[in-house]
Amino acid sequence: RYEPTWDSLDARPLPAWFDEAKFGVFIHWGVFSVPSFGSEWFWWYWQKEKREPYVKFMDTNYPPGFSYEDFGPLFTAEFFDANQWTDILKASGAKYVVLTSKHHEGFTLWGSKYSWNWNAVDVGPKRDLVAELATSVRNRTDLHFGLYHSLFEWFNPLFLEDATNAFKTRKFPTSKSLPELYEIVTKYQPEIIWSDGDGNAPDTYWNSTGFLAWLYNDSPVRDTVVTNDRWGAGSICAHGGFYTCSDRYNPGHLLPRKWESCVSVDRGSWGYRRDARLPDYLAVEDLVQQLAETVSCGGNLLMNIGPTHDGRIPVVFEERLRQVGAWLKVNGEAIYGTKPWRAQNDTLTPGVWYTFSPEEGKVNAIFLNWPVSGILELGEPQPKLGETQVKLAGYKELLKWVALGEKGMVIALPQLTPQQMPCQWGWTLQLTDVN
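Procedures and definitions
- Residues numbered from 1 in each chain as written.
- Predicted model: local features only at pLDDT ≥ 70, side-chain atom pairs only at ≥ 80, totals over all residues.
- Heavy atoms only, no water.
- Helix = DSSP H or I, 4+ residues; strand = E, 2+ residues; numbered from the N terminus.
- Rg over C-alpha atoms; globule rule 2.2 N^0.38 Å.
- Buried < 20%, exposed > 50% of the residue type's maximum accessible area, 1.4 Å probe, protein only.
- Contact = heavy atoms within 4.5 Å.
- Areas by Shrake-Rupley, 256 points an atom, 1.4 Å probe, with all protein chains shown as cover.
- Lys, Arg positive; Asp, Glu negative; His and termini not counted.
- Charge placed at Lys NZ, Arg CZ, Asp CG, Glu CD.
- UniProt positions renumbered as here; feature names shortened; annotations may be inferred.
- Pairing = 2+ DSSP bridges.
- Axes fitted to C-alpha atoms, helices over the stretch in contact; angles between N-to-C directions.
- Domains from an automatic or database assignment.
- Buried area = accessible area lost by both parts, 1.4 Å probe.
- Salt bridge = Lys/Arg side-chain N within 4 Å of Asp/Glu carboxyl O.
- Disulfide = S-S within 2.5 Å.
- Core = buried A, V, L, I, M, F, W, Y, C linked by side-chain atoms within 4.5 Å.
- Phe/Tyr/Trp six-rings, centres within 6.5 Å; stacked < 30°, edge-to-face > 60°.
- Lys NZ or Arg CZ within 6 Å of the ring centre and 35° of its normal.

Details of the overall build of the protein chain
- Each helix and strand counted, the protein chain has 12 helices and 14 strands in total.
- In terms of C-alpha radius of gyration, the protein chain reaches 23 Å, essentially the compact-globule figure of 22 Å for 435 residues.
- Buried residues in the protein chain amount to 58% of all 435 residues.
- When contacts within the protein chain are restricted to residue pairs at least 6 apart in sequence, long-range pairs at least 24 apart make up 70% of them.
- Total accessible area computed for the protein chain in this model is approximately 18,000 Å², and 51% of it derives from carbon and sulfur atoms.
- Taking the 41 positively charged and 52 negatively charged side chains of the protein chain as two groups, their mean positions are separated by 2 Å.

Structural notes on the UniProt feature "domain: Alpha-L-fucosidase C-terminal" (unreviewed entry) in the protein chain
- Here, the residues flagged by UniProt with the feature "domain: Alpha-L-fucosidase C-terminal" (unreviewed entry) are residues 344–432.
- Taken as a whole, residues 344–432 contains 0% helix and 38% strand, while its terminal C-alpha atoms sit 17 Å from one another.

Some details on the sheet that holds strand 1 (residues 23–27)
- Strand order in the open sheet formed by seven strands is 5-4-3-2-1-7-6, with parallel pairing between adjacent strands. At either end of the open sheet lies a strand with only one pairing partner, and these are strand 5 (226–227) and strand 6 (259–264).
- As paired strands, strand 6 and strand 7 (residues 299–305) are joined by six bridges and run parallel to one another. Its bridge partner lying in strand 7, W259 is registered against G299.

Overview of the sheet that holds strand 10 (residues 375–378)
- With antiparallel pairing, the three strands of this open sheet are ordered in space as 10-13-12. Bordering the open sheet on either side are strand 10 and strand 12 (400–403), each of which pairs with just one other strand. Taking each pair of neighbouring strands and ignoring which way they run, the sheet shows an average axis angle of 20°.
- Relative to strand 13 (residues 409–412), strand 12 is paired through four bridges, and the arrangement is antiparallel. Of the residues in strand 13, the one forming a bridge with A403 is M409.

Examining the domain arrangement of the protein chain
- Each assigned domain of the protein chain is listed with its residue range as follows: domain 1 (6–334) and domain 2 (339–432).
- Taken over C-alpha atoms, the centre of domain 1 sits 36 Å from the centre of domain 2.
- Contacts between the two partners involve 18 residues from domain 1 and, on the opposite side, 20 residues from domain 2.
- Summing both sides of the interface, domain 1 and domain 2 together bury roughly 1,700 Å²; the carbon and sulfur share of this comes to 65%.
- At the junction of domain 1 and domain 2, the tally comes to two salt bridges.
- Between D19 and K339 there is a salt bridge, with its nearest N and O atoms 2.8 Å apart.

Quick word on the environment of L282
- Within the secondary structure layout, L282 lies in the loop between strand 6 and helix 11 (284–296).
- In sequence terms L282 and R267 are 15 residues apart; their C-alpha atoms lie 6.8 Å from each other.

Overview of the state of the cysteines
- Inspection of the entire model under this criterion finds one disulfide.
- Disulfide pairing is shown between C237 and C245; the S-S distance is 2.0 Å. Because the sign of the S-S torsion sets the handedness, a value of about 70° for the bond joining C237 and C245 places this disulfide among the right-handed ones.
- The cysteine C297 is free of any disulfide, with C245 supplying the nearest cysteine sulfur at 13 Å.
- The exposure class assigned to C297 is buried, which follows from its relative accessible area of 1%.

Section: the nonpolar core
- In this structure, I27, L378, I411 and L429 are the most contacted members of the largest nonpolar core, which totals 121 residues.
- Residue contributions to this core reach at least three from each of two domains, namely domain 1 (6–334) and domain 2 (339–432).
- In this structure, W17, Y96, V98 and L302 belong to the second largest nonpolar core, which totals 14 residues.

Overview of the UniProt feature "domain: Glycoside hydrolase family 29 N-terminal" (unreviewed entry) in the protein chain
- UniProt feature "domain: Glycoside hydrolase family 29 N-terminal" (unreviewed entry): in the numbering of this structure it lies at residues 1–333.
- In the segment residues 1–333, helix accounts for 36% and strand for 12%; the C-alpha atoms at its two ends are 36 Å apart.

A word on the packing of aromatic side chains
- For the structure shown, the criterion picks out 55 aromatic pairs.
- Summarising the aromatic geometry, the rings of W29 and F75 are spaced 5.3 Å apart at their centres and angled 70° between planes, so their arrangement reads as edge-to-face. You can see W29 sitting in the loop between strand 1 and helix 3 (42–48) and its partner F75 sitting in the loop between helix 4 (52–61) and helix 5 (82–91), a full 46 residues away along the chain. The two residues W29 and F75 agree in class, both being buried.
- Residues Y281 and F317 carry aromatic rings whose centres are separated by 5.6 Å and whose planes lie at 85° to one another, so their mutual orientation is edge-to-face. Placement of Y281 in the loop between strand 6 and helix 11 and of F317 in helix 12 (residues 315–331) is noted, with a sequence separation of 36 residues between them.
- The positively charged end of R12 is found above the aromatic ring belonging to Y216, 4.0 Å away from the centroid.
- For the cation-ring pair, R51 lies above Y45, with the distance from its terminal atom to the ring centre recorded as 3.7 Å.

See the structure below:
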């Protein structure tokens, strides 16, 4: 049994499915999807920091005295169809999904007993959105279902009171945050608890180690659940299951612990925003590059989308998800279930990232730029004459190659028309029998 100490909890082996999955989808959805302006931090920027664009937006478009709470009934979700979302998630090639069950605004997407009149069953949709998505994902796919949960809430009076007392009192975690965590685990049995928002309070204030000990010892998901590292000030990148370290984290090298990079398709926001322009969205080339770099360095990629207040996945997000899925259909063997190789990227040619498929003993070289010459030079592999074979994923015939001295090889790529290309953005060479 795990003790409620970081030494004990950090020693828990991470369930194997998470490392094998490599790719997940993050969904930021909540009351912030109603103003859908600027950022999901809308309430904070408008009321606390009084940032000019937010204040002006409210003054121009809403009557005097309109409060953030007044957005609650406008979060309607009338077009939310969990099966449609699930089919898009499945088409993306993702192996897990993480939904924001509650963001820093405190509004829960399920009918929480601890969030009276500020949840999706009492206000707005009048539906249990968490249950609908969880059920659909489990009935229609083999994706692992996860939930994001914010520990703190910007304007909750109990949290503000505890903060004023320098977190010597613990009214908020004992009456709100912790009961909600036990509630979502018991009710929805998520296999990922993606914690966030420590409010600068230490993990002792949140009793994170006590909760995690219960989660790992006695909860209904004790054998399969994975957790991240955001469990109180000072725990990020230091304690927990897998490390997230910072948003859009990309170390570019191997880490001693399993990690995850979360990246939003909209560079400027995690929640949906109506004021986004086309250049604000990452192109599929960017996402394929992020996936290759992240997986080669031992990480997982969690790609974020923001649905609208009425429950639609905007078409640009759907397109990106389906594009990554199409790429994974061809190149998935270089991603799923792989391990980092001895080299993460090539020393000779930039934009080449390596993974290793242990079962087949294959080295996968993902290259992001197709060379004009049709010749690709790799500085890292050590081929064996007469033994090493080179294949292009999605192309039937073996490729010709010659060795470059002691180490490295030159590979002749096939001459293909754009229509014959196995995919459009990034390709995989599969090398067998290399040292």
